[in-house]
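# A structural walkthrough
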Amino acid sequence: MDDTILVVNCGSSSLKLALFDQNHKPLASALAERLGDQSPHARIGDGGAPVALPPGANHEQALEALIRAFQDRGLMSSQPSAVGHRVVHGGETFRHSALIDDSVRDAISECSGLAPLHNPVNLTGIDATRALFPWVPQIAVFDTAFHQTLPRKAFHYAVPESWYRDWGVRRYGFHGTSHKFMSQEAPRLLGRTPAATSIISAHLGNGCSITAIRDGVSVDTSMGLTPLEGLVMGTRSGDVDPGLFEYLATKGLTAKRVHKALNGESGLLGISGQTNDMRSLCELADHGHEPSSLAIDIFCFRLAKYVGAMMTSLKQLDALVFTGGIGENSARIRQQTLENLEILGFVVNPEANKHHGRLSDGHIEDSTSRFPILVIPTNEELVIAREAARFANRSGSA
Ligand code: ADP
């Protein structure tokens, strides 16, 4: 099959691939894990056929093996027509997706200081794919790019100006591809045009962020210099008083130790002492586990507080949108969050909330609600595929 678009999402020891046809219809997905390990795993599809990898296989070997598996199944011919890469941090350099050449590659590398755990790994995937398909257009799609429209008052911290000027300390925002997808899907469901639609998009997965989108562009978002700021997340604290660094130093904890705890030992896991997984947390709470109920209460309270805060960036609100694993699947979390928001005029319809999506128009608000409330499954791979196709079409017609 010709004209396939390949989407590559590279983690430190994992590689996720998604394949789309020219109409952006998904054809296949694949996942390789434990790369660099003595027993790496790879498979096509969700729980699908395993693909053999040699011990210690790296990203390039995994990519080759999975591409060969796609080809053996007749899903793609010798090469895709374009490749889209997820890249976490584009700093202020990238306001849009970019066709990757050596200078774009260098610029992504220069942004690594802002995302040391992510950008170097993303580059590994880019290098491996460029080596495999040197003549195919490859496009970098940045998690931060959608938020480059934030006005200065929203992205600037109240810290010494030189921190921003000299070191780039500012709010960048993340989950941009998901929020961008909401900025297109919500208007579609509402029968409006994206450029005339204002929404609040809550992406609630393991990482959680919320974005105010005014007339189609991001104007405020909860994640900041790093993906640690804002909402309560699976293992991340979200907002805390920065004064705790100094206070905890008096207890013998270094800044590095506190940073690690705020990223990996906090959030739902830290409060419950049990799990970062919302589904398990809800089950624990149902069985009377108080710390799990508290974790849920704090999660919903912080989220509701942020919805209120995001409204201050908008002139009108056409919909509040829930997405991500929790946002799409947990009627309980939506219900509890929305109960905290009744004073602002959000009223949920419990039945629609329970059956959302299955009823399929995505609406979960009551007829008395001041604002529509939507549940929309996110599709970051599709956004990346669309971006890649845009560039491929452009280079094809040049
Ligand atoms: P990631 O950010 O890793 O992509 P996801 O978007 O898949 O994560 O979200 C994972 C979260 O969604 C987990 O906390 C999981 O428990 C939660 N989740 C998935 N289904 C449900 C459900 N039915 N009820 C509550 N939480 C759910």
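Residues numbered from 1 in each chain as written. Predicted model: local features only at pLDDT ≥ 70, side-chain atom pairs only at ≥ 80, totals over all residues. Heavy atoms only, no water.

## Examining the packing of helix H2 (residues 102-110) against helix H3 (residues 119-132)
Between H2 and H3, the shortest axis-to-axis distance is 9 Å and the interhelical angle comes to 160 degrees. As judged from the angle between their axes, H2 and H3 are roughly antiparallel. Viewed along their axes, H2 and H3 form a crossing whose handedness is left-handed. Contact residues: Asp 102, Arg 105, Ile 108 and Ser 109 in H2; Asn 119, Leu 123, Ile 126, Asp 127 and Arg 130 in H3. For the contact of H2 with H3, the residue count by class is three nonpolar, two polar and four charged. (Axes fitted to C-alpha atoms, helices over the stretch in contact; angles between N-to-C directions. Helix = DSSP H or I, 4+ residues; strand = E, 2+ residues; numbered from the N terminus. Parallel < 35°, antiparallel > 145°, perpendicular 65-115°, else oblique. Left-handed = near helix turned anticlockwise from the far one by under 90°. Contact = heavy atoms within 4.5 Å. Nonpolar A, V, L, I, M, F, W, Y, C, P; charged D, E, K, R; others polar.)

## As for the packing of aromatic side chains
In total, this model carries three aromatic pairs according to the counting rule given. Summarising the aromatic geometry, the rings of Phe 94 and Phe 142 are spaced 4.3 Å apart at their centres and angled 15 degrees between planes, so their arrangement reads as stacked. One end of the pair, Phe 94, is in the loop between strand S5 (82-87) and strand S6 (98-99); the other, Phe 142, is in strand S7 (residues 138-142), and 48 residues separate them in sequence. With a relative accessible area of 7%, Phe 94 lands in the buried category. (Phe/Tyr/Trp six-rings, centres within 6.5 Å; stacked < 30°, edge-to-face > 60°. Buried < 20%, exposed > 50% of the residue type's maximum accessible area, 1.4 Å probe, protein only.)

## Observations regarding the UniProt feature "binding site: Mg(2+)" (unreviewed entry) in the protein chain
The UniProt record marks Asn 9 and Glu 380 with the feature "binding site: Mg(2+)" (unreviewed entry), using the residue numbering of this structure. These residues run over 372 residues, yet every pair of their C-alpha atoms falls within 10.2 Å of each other. Inspection of the secondary structure assignment puts Asn 9 in strand S1 (residues 5-10). On the basis of relative accessibility, which here comes to 19%, the residue Asn 9 falls in the buried class. Once residues lying within four places of it in the same chain are set aside, the contact partners of Asn 9 are Ser 14, Leu 15, Lys 16 and Arg 86. On the secondary structure map, Glu 380 appears in helix H15 (residues 380-397). In this structure Glu 380 touches Thr 177, Ser 178 and His 203, once residues within four positions along its chain are discounted. (UniProt positions renumbered as here; feature names shortened; annotations may be inferred.)

## Things to note about the UniProt feature "binding site: substrate" (unreviewed entry) in the protein chain
Under the feature "binding site: substrate" (unreviewed entry), the UniProt entry names Arg 86. Look at Arg 86 and you get partly exposed, because its relative accessible area is 26%.

## Here we look at the site of the ligand
Lining the immediate surroundings of the ligand are Gly 205, Asn 206, Gly 207, Asn 276, Asp 277, Met 278, Arg 279, Gly 324, Gly 325, Ile 326, Asn 329 and Ser 330. In this structure, Ile 326 approaches the ligand through a main-chain N or O atom, which is 3.3 Å from an oxygen atom. One of the side-chain nitrogen or oxygen atoms of Asn 329 is found 3.5 Å away from a nitrogen atom of the ligand. Relative to its unbound accessible area of 580 Å², the ligand is 67% covered by the protein chains. At the level of elements, helix H10 (278-286) and helix H12 (324-329) are the ones that each hand at least two residues to the shell around the ligand. Looking at which element gives the most residues to the shell around the ligand, the answer is H12, with four residues. Residues belonging to the shell around the ligand are distributed by class as follows: two nonpolar, eight polar and two charged. (Near = heavy atom within 4 Å. Polar contact = N/O pair within 3.5 Å; in protein donor to acceptor, adjacent residues only side chain to side chain. Areas by Shrake-Rupley, 256 points an atom, 1.4 Å probe, with all protein chains shown as cover.)

## Concerning the domain arrangement of the protein chain
Structurally, the protein chain comprises domain 1 (5-142) and domain 2 (191-380). Between domain 1 and domain 2, the C-alpha centre-to-centre distance is 29 Å. (Domains from an automatic or database assignment.)

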